[in-house]
Amino acid sequence: MQWGGRFAGGPSVIMQDINASIGFDRKLWRQDIRGSRAHAAMLAMIGVLSAGDERAIAAGLEAIGREIEAGRFSFDAALEDIHMNIEARLTERIGEAGKRLHTARSRNDQVATDLRLWVRDAIDGLSGQLGDLMAALARRAAQHAGDPMPGFTHLQTAQPVTFGHHLLAYVEMLDRDRSRLADCRRRLNACPLGSAALAGTSFPIDRDMTAAALGFDRPTANSLDAVSDRDFALEFLAAAAIGAVHLSRLAEEMVIWCSAPFRFIRLSDGFTTGSSIMPQKRNPDAAELVRAKTGRVTGGLVALLTVMKGLPLAYAKDMQEDKEPVFDAAEAWALSLAAIAGMVRDMTADVVRMRAFAADGFATATDLADWLVRVPKLAFRDAHHVTGRLVAIAEARGVDLAGLSLAEMQAVEPAITTEVFSVLTVEASVASRTSFGGTAPANVAAQAAHWLEMLA
Ligand code: ARG
């Protein structure tokens, strides 16, 4: 035990259980080794370590990395955490030099550095996955740029949109998720190493050197803040929570779309499961689990906010509880992105059925009202009222708006002419929505092409 000098007795078993983090922070082993190598190289550069000691440390750490990678490293809960497990093994392997590594640093700046490096790697991986999913959606959007489907508000048929337009809505959300990660990355990319326990150090360390070696933009500027700041983890969790909420919405739509009453899409065998009792079932479990994993991601954000609230400066052991929510959220988000991307790539859309339902529920009523404004120049409020009366008549007769005769329409509004029938089809409706950001197939095709080019 590295801190045992002033203790006569060892920790109780319960103390060890509550204190040890090695069960989860072993995930930080790569970052820990990387940080230690940069620290040792810097100590050698300023003459605090001999060149020989530095070489032994570097070689020892590299060998330990290989041991861990190969599953040959035995992690010991008595050594609490990843930092002391690696340091103890280093000293076991190389002797005296290993005991010099912890000069001018503390586990407080060490763990802050390790976790920043880990979150940075996670951000890079997740950003790549977000891009992959965006590309998968944009490809399907290009394919379905002109295929109408019912657009909903309140999950009631509202106006026809194209399926491609609907899919591109998610591309916009995912792009914001990516940019939230990029913001988080920019702010987290400062190096705490060298802040030591809380006050800095009396050794003439070169913090710019370690920061640069670890790919940070700069060293952190206040040692108290550096060891006690977990904003980067909170920001990451907040970005993850929003990202997971976005995926849960798409997952929910997939669950709805593949249900028997809808049947807008069919999910592949690869992303559905059967029922042990009902032979006909194809359950969208992957989509349901993506929807559900949002719970643990948002829970992680709330957990860490609660851990940090009211903590006095500087480091407190409470902060050890930062890791599991971060690891768990990153894992859940990554798996959800992979699952949704797989479902999007594999799914088939029943465009005939979508088209049929796009016309349902008087979906082109707004087109009729707009025509009354545009051609016979009714005020929109009057046009809205006339259209409402026509919908009521059509509903009573069990036909859609195009099923009314001209005479029936003129009985309500004499200014109506046969030209009105040209705006009542689903195709005419979507084609007319050419305003920027609207659902017209030409818009959607151009947007999909834009995204595919951006993501290539
Ligand atoms: N395992 C600890 C953590 O995750 C490392 C830092 C320990 N620092 C300390 N002063 N006990 O936070």
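Attention in this report is confined to the structure presented alongside it. Residue numbers restart at each chain and count upward from 1, following the sequence in its written direction. With the structure being a predicted model, the display of local features is reserved for residues of pLDDT at least 70 and the display and counting of side-chain atom pairs for 80 or more, all residues being used for whole-chain, interface and lining totals. Only hydrogens and water are set aside when side-chain values are computed; all heavy atoms of the structure are taken into account.

Quick look at the packing of helix 7 (residues 107-143) against helix 19 (residues 441-455)
Here is step 1: As a rule, the C-alpha atoms of each element are fitted with a line to give its axis, helices using only the stretch in contact, and angles between N-to-C directions run from 0 to 180 degrees. We count a stretch as a helix when DSSP gives it H or I for four or more residues in a row; a strand needs E for two or more, and each element gets its number in order from the N terminus. The geometry of helix 7 relative to helix 19 is characterised by a closest axis approach of 9 Å and an angle of 150° between their N-to-C directions. Classified by the angle their axes make, helix 7 and helix 19 are roughly antiparallel. Here helix 7 runs over helix 19; the crossing is left-handed. Of the residues in helix 19, those touching helix 7 at G131, M134, A135, A138, R139, A141 and A142 are V444, A448, W451, L452 and L455.
Here is step 2: The residue makeup of the contact of helix 7 with helix 19, split by class, is 10 nonpolar, one polar and one charged. Here is the rule for angles: anything less than 35 degrees is roughly parallel, anything more than 145 is roughly antiparallel, 65 through 115 is roughly perpendicular, and the remaining ranges are oblique. Here is the rule for handedness: rotate from the far helix to the near one, and if that takes an anticlockwise turn smaller than a right angle the crossing is left-handed, while a clockwise turn gives right-handed. Contact between two residues is taken to exist if any of their heavy atoms lie within 4.5 Å; hydrogens are not considered. Each residue gets one label: Ala, Val, Leu, Ile, Met, Phe, Trp, Tyr, Cys and Pro are nonpolar, Asp, Glu, Lys and Arg are charged, and the others, such as Gly, are polar.

Quick notes on the site of the ligand
Here is step 1: Any residue with a heavy atom positioned within 4 Å of a molecule or strand is treated as near that molecule or strand. Every residue lining the ligand is accounted for by S21, D25, D81, H83, R107, N108, V111, Y315, K317, Q320 and K323.
Here is step 2: Contacts described as polar in this section are N or O atom pairs within 3.5 Å, which, within protein, must combine one atom able to donate a hydrogen with one able to accept it, while residues neighboring in sequence count only if both atoms come from side chains. Between the ligand and R107, the relevant distance is 3.5 Å, taken from a nitrogen atom to a side-chain nitrogen or oxygen of the residue.
Here is step 3: Here Y315 contributes a side-chain N or O atom positioned 2.4 Å from an oxygen atom of the ligand.
Here is step 4: About the coverage of the ligand: the protein hides 86% of its 340 Å² of free accessible area.
Here is step 5: When residues in the shell around the ligand are grouped by element, the largest group, three residues, is from helix 7.
Here is step 6: Residues belonging to the shell around the ligand are distributed by class as follows: two nonpolar, four polar and five charged. Per-residue and other accessible areas were derived by the Shrake-Rupley procedure at a 1.4 Å probe size, with only the shown protein chains allowed to occlude residues.

With respect to the packing of helix 11 (residues 231-257) against helix 13 (residues 323-346)
Here is step 1: Helix 13 packs onto helix 11 with a crossing angle of 30° between their chain directions and a minimal axis gap of 10 Å. Overall, the two elements helix 11 and helix 13 adopt an arrangement that is roughly parallel. Helix 11 and helix 13 meet at a crossing whose hand is left-handed. Residue-level inspection shows A233, F236, L237, A239, A240, G243, A244, L247, L250, A251 and M254 of helix 11 in contact with helix 13, the latter providing P325, V326, A329, A330, W333, S336, L337, I340, M343 and V344.
Here is step 2: A breakdown of the residues in the contact of helix 11 with helix 13 according to their chemical character gives 19 nonpolar, two polar and no charged.

Focus on the pairing of strand 2 (residues 156-162)
On a regular strand, each side chain points to the face opposite its neighbour's, so the side chains alternate between the two faces of the sheet.
Here is step 1: Bridge count for strand 1 (residues 148-153) against strand 2 is six bridges, and the pairing is antiparallel. Bridge pairing in strand 2 places M149 opposite V161.
Here is step 2: Hairpin connection from strand 1 to strand 2: two residues lie between these consecutive antiparallel strands, with H154 at a positive phi of about 60°. At least two bridges found by DSSP between two strands are what make those strands a pair.

Brief notes about the nonpolar core
Here is step 1: Side-chain atoms within 4.5 Å are what join buried Ala, Val, Leu, Ile, Met, Phe, Trp, Tyr and Cys residues into a set we call a nonpolar core. Burial status follows relative accessibility: with a 1.4 Å probe on protein chains alone, a residue under 20% of its type maximum counts as buried, one over 50% as exposed, and anything between as partly exposed. If you look at the biggest cluster of nonpolar residues, it comprises 94 residues, and the most contacted ones within it are V119, L133, L137, F236, M254 and I340.
Here is step 2: A total of 16 residues in this core trace back to one element, the largest contributor, which is helix 11.
Here is step 3: Beyond its immediate chain neighbours, meaning those up to four positions away, M254 contacts I265, A287, I340, M343, V344 and M347.
Here is step 4: One finds L368, L404, M409 and V423 within the second-largest nonpolar core, a separate group that totals 20 residues.

Section: the environment of H154
Here is step 1: Its place among the elements puts H154 in the loop between strand 1 and strand 2.
Here is step 2: In this structure, the C-alpha to C-alpha distance between H154 and Y315, residues 161 residues apart in sequence, is 48 Å.

A closer look at a nonpolar patch on the surface
Here is step 1: A cluster of nonpolar residues, L198, L224 and L313, forms a patch on the protein surface that exposes about 280 Å² of accessible area.
Here is step 2: Along the chain, L224 turns up in helix 10 (residues 223-228).
Here is step 3: With relative accessibility at 33%, the residue L224 sits in the partly exposed group. To count toward a patch, a residue needs a relative accessible area over 30% and no salt bridge; like charges are then connected within 9 Å, while nonpolar side chains (Val, Leu, Ile, Met, Phe, Trp, Tyr) are connected within 5 Å. We count a salt bridge whenever a side-chain nitrogen from Lys or Arg sits within 4 Å of a carboxyl oxygen from Asp or Glu.

Some details on the pattern of salt bridges
Here is step 1: Within the structure shown, the criterion is met by 26 salt bridges.
Here is step 2: When the shortest N-O distance is used, the salt bridge between R185 and D124 registers 2.8 Å. Within this pair, whereas R185 is found in helix 8 (residues 163-188), its partner D124 is found in helix 7, the two being separated by 61 residues in sequence.
Here is step 3: Among the residues examined, D124 registers a relative accessible area of 39% and is labelled partly exposed.
Here is step 4: For the salt bridge of R355 with E427, the shortest nitrogen-to-oxygen distance reads 2.5 Å. Of this pair, R355 sits in helix 14 (residues 351-358) while E427 sits in helix 18 (residues 426-432), and the two are 72 residues apart along the sequence.
Here is step 5: In this structure, a network of salt bridges that share partners links the residues E67, R89, E92 and R93.

As for the side chain of S268
Here is step 1: As for its placement among the helices and strands, S268 is situated in the loop between strand 5 (265-266) and helix 12 (285-308).
Here is step 2: Under the relative-accessibility criterion, S268 is labelled buried at 17%.
Here is step 3: Among the polar contacts made by the side chain of S268, one reaches the side chain of D346 at a distance of 2.9 Å.
Here is step 4: If near-sequence neighbours (up to four positions away) are discounted, S268 is found in contact with R282 and D346.

Some remarks on the packing of aromatic side chains
Here is step 1: Geometry of aromatic contacts follows a simple scheme: Phe, Tyr and Trp rings, the Trp one being its six-membered ring, pair when their centres are within 6.5 Å, and the pair is stacked under 30 degrees between planes, edge-to-face over 60, tilted otherwise. Evaluation of the coordinates by the stated rule reveals seven aromatic pairs.
Here is step 2: Measuring from ring centre to ring centre gives 6.4 Å for F236 and W333, while their planes differ by 50°; the resulting arrangement is tilted. With F236 in helix 11 and W333 in helix 13, the pair connects residues that are 97 residues apart, well separated along the chain.
Here is step 3: Classification of W333 by relative accessible area gives buried; the value is 1%.
Here is step 4: Measuring from ring centre to ring centre gives 5.1 Å for F262 and F264, while their planes differ by 70°; the resulting arrangement is edge-to-face. For the pair F262 and F264, one class covers both residues: buried.

Brief notes about unusual backbone geometry
Here is step 1: Along the chain, L313 connects to A314 via a cis peptide bond; the corresponding omega equals 0°.
Here is step 2: Topologically, A314 is positioned in the loop between helix 12 and helix 13.
Here is step 3: Not every positive phi belongs to a glycine, and A104 is a case in point at roughly 65°.
Here is step 4: Tracing the sequence through the fold places A104 in the loop between helix 6 (96-100) and helix 7.

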